[in-house]
Amino acid sequence: MRGLEGKAAVVTGGGGGLGAASALRLSREGCRVAVVDIDGDAARKVADSLPGEAVAITADVALEEDVERYLDEATNSFGMINFHHLNAGIPGSAGGFPDLSAAEFDRVMAVNVRGIFLGLRGAFRRCRAAEAAGSVVLTASIASLRGSADLIAYQTSKRAVLGLLHGAAMYGGPLGIRVNAVAPGIVPTALFTSAGRADMVRRAATAPLRRAGTPDEIASVVAFLLSDEAAYMTGETVSVDGGSSVVSTVRDSGGAGAWDFGALDERTYLRREEQG
């Protein structure tokens, strides 16, 4: 993709899942990549596996001093950081309101919202100091756009990400700094399987594409949004969810009350053929 080769990128939460896929895709596109993760061993494993130049940095994105340090280390390694994929996040528990502790809510908000705020602020400060443009992608979620009765802290945090997105896009536009977001649907990674979401593949069958996504499919959109191919895009949230966000769940064709989508599809498309 145009504009990626030879540039430098930071990927937070890069030690696994979507972040690791993003780091690999950017490296294959010719970027030098700083892989940032609270799990330093995981970050090093990913950095060592990349085809291009890479460094691993251990940092907690919720801590102001850690964010400043990962930005300093990345800058010392590569010079100007052109791209930021602010991806680090945690799900919190799957319980509803009565079972959610204030401490857990605060931790999810600290990583998923404060972490992105600090990353954005650091990126803007460094772009200002260097009088340079840049591009940032935030990891939002289908939970940024739709509600559920569980994962309360997570969906609240991902809604807040859109507030940061819109403010950052407005501020950055005149400076030549584009800020966009990717909103994945169901993509089975350790982030959620570790939170007891073992039925992800089954639930993904409710999407129009009838399957779960892959980290590589999300990474390709991240790379596009960072690249010059998306030069006239800012403030956008791009859903990469197999069509889940457009489903009307109260219609038969949207799966109202149904889990057997094979039978549903057979009825839907047989009826279409009969009507001819």
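Residues numbered from 1 in each chain as written. Predicted model: local features only at pLDDT ≥ 70, side-chain atom pairs only at ≥ 80, totals over all residues. Heavy atoms only, no water.

- The protein chain appears in an unreviewed UniProt entry as SDR family oxidoreductase from Trebonia kvetii.
- According to UniProt, the comment filed for the protein chain under the heading Sequence similarities (unreviewed entry) is "Belongs to the short-chain dehydrogenases/reductases (SDR) family." (UniProt positions renumbered as here; feature names shortened; annotations may be inferred.)

**Observations concerning helix 8 (residues 215–226)**
Here is step 1 of the chain: Relative to the 16 Å expected for twelve residues at 1.5 Å per residue, helix 8 spans 17 Å between its end C-alpha atoms, a close match to the ideal helical length.
Here is step 2 of the chain: The complete set of buried residues in helix 8 reads I218, A219, V221, V222, A223, L225 and L226.
Here is step 3 of the chain: The inward-facing, buried residues of helix 8 contact helix 1 (17–28), strand 4 (83–86), strand 5 (134–139), strand 6 (177–184) and strand 7 (237–240). (Helix = DSSP H or I, 4+ residues; strand = E, 2+ residues; numbered from the N terminus. Expected span 1.5 Å × (residues − 1). Buried < 20%, exposed > 50% of the residue type's maximum accessible area, 1.4 Å probe, protein only. Contact = heavy atoms within 4.5 Å.)

**Side note on the pairing of strand 5**
Here is step 1 of the chain: Here strand 5 lies mainly inside the structure; six of its six residues are buried.
Here is step 2 of the chain: Here strand 5 shows a buried face lined by G134, V136 and L138 and a second buried face lined by S135, V137 and T139.
Here is step 3 of the chain: Taken together, the four bridges between strand 4 and strand 5 define a ladder with parallel strand orientation. By the bridge assignment, H84 is partnered in strand 5 with V136.
Here is step 4 of the chain: Taken together, strand 4, helix 4 (residues 102–130) and strand 5 constitute a β-α-β crossover, and its handedness is right-handed.
Here is step 5 of the chain: The pairing of strand 5 with strand 6 spans six bridges and is parallel. The partner of G134 across the bridge, within strand 6, is I177.
Here is step 6 of the chain: Each parallel crossover has a hand, and the one from strand 5 via helix 5 (residues 152–172) to strand 6 is right-handed. (Pairing = 2+ DSSP bridges. Right-handed = clockwise from strand over helix to strand, strands pointing away.)

**A short note on the environment of D99**
Here is step 1 of the chain: Take D99: it is sitting in the loop between strand 4 and helix 4.
Here is step 2 of the chain: Linking D99 and A21, residues 78 residues apart in sequence, is a C-alpha distance of 33 Å.

**Quick notes on helix 1**
Here is step 1 of the chain: Given a rise of 1.5 Å per residue, twelve residues ought to cover 16 Å, and the 17 Å separating the end C-alpha atoms of helix 1 matches this to within 8%.
Here is step 2 of the chain: Those residues of helix 1 lying buried are L18, G19, A20, A21, S22, A23, L26 and S27.
Here is step 3 of the chain: G30 sits one or two positions beyond helix 1 and adopts a positive phi of about 105°.

**Points about the packing of helix 4 against helix 5**
Here is step 1 of the chain: Relative to each other, helix 4 and helix 5 sit at 15°, their axes nearing to 9 Å. If you check the angle between helix 4 and helix 5, you find them roughly parallel. Between helix 4 and helix 5 lies a crossing of right-handed hand. Residue-level contacts link F105, V108, M109, N112, V113, I116, F117, L120 and F124 of helix 4 to A153, Y154, T156, S157, K158, A160, V161, L164, A168, Y171 and G172 of helix 5.
Here is step 2 of the chain: For the contact of helix 4 with helix 5, the residue count by class is 15 nonpolar, four polar and one charged. (Axes fitted to C-alpha atoms, helices over the stretch in contact; angles between N-to-C directions. Parallel < 35°, antiparallel > 145°, perpendicular 65-115°, else oblique. Left-handed = near helix turned anticlockwise from the far one by under 90°. Nonpolar A, V, L, I, M, F, W, Y, C, P; charged D, E, K, R; others polar.)

**Notes on the pattern of salt bridges**
Here is step 1 of the chain: All told, the structure shown has ten salt bridges when counted by the stated rule.
Here is step 2 of the chain: One connected set of salt bridges, linked through shared partners, spans D66, R69 and E73. (Salt bridge = Lys/Arg side-chain N within 4 Å of Asp/Glu carboxyl O.)

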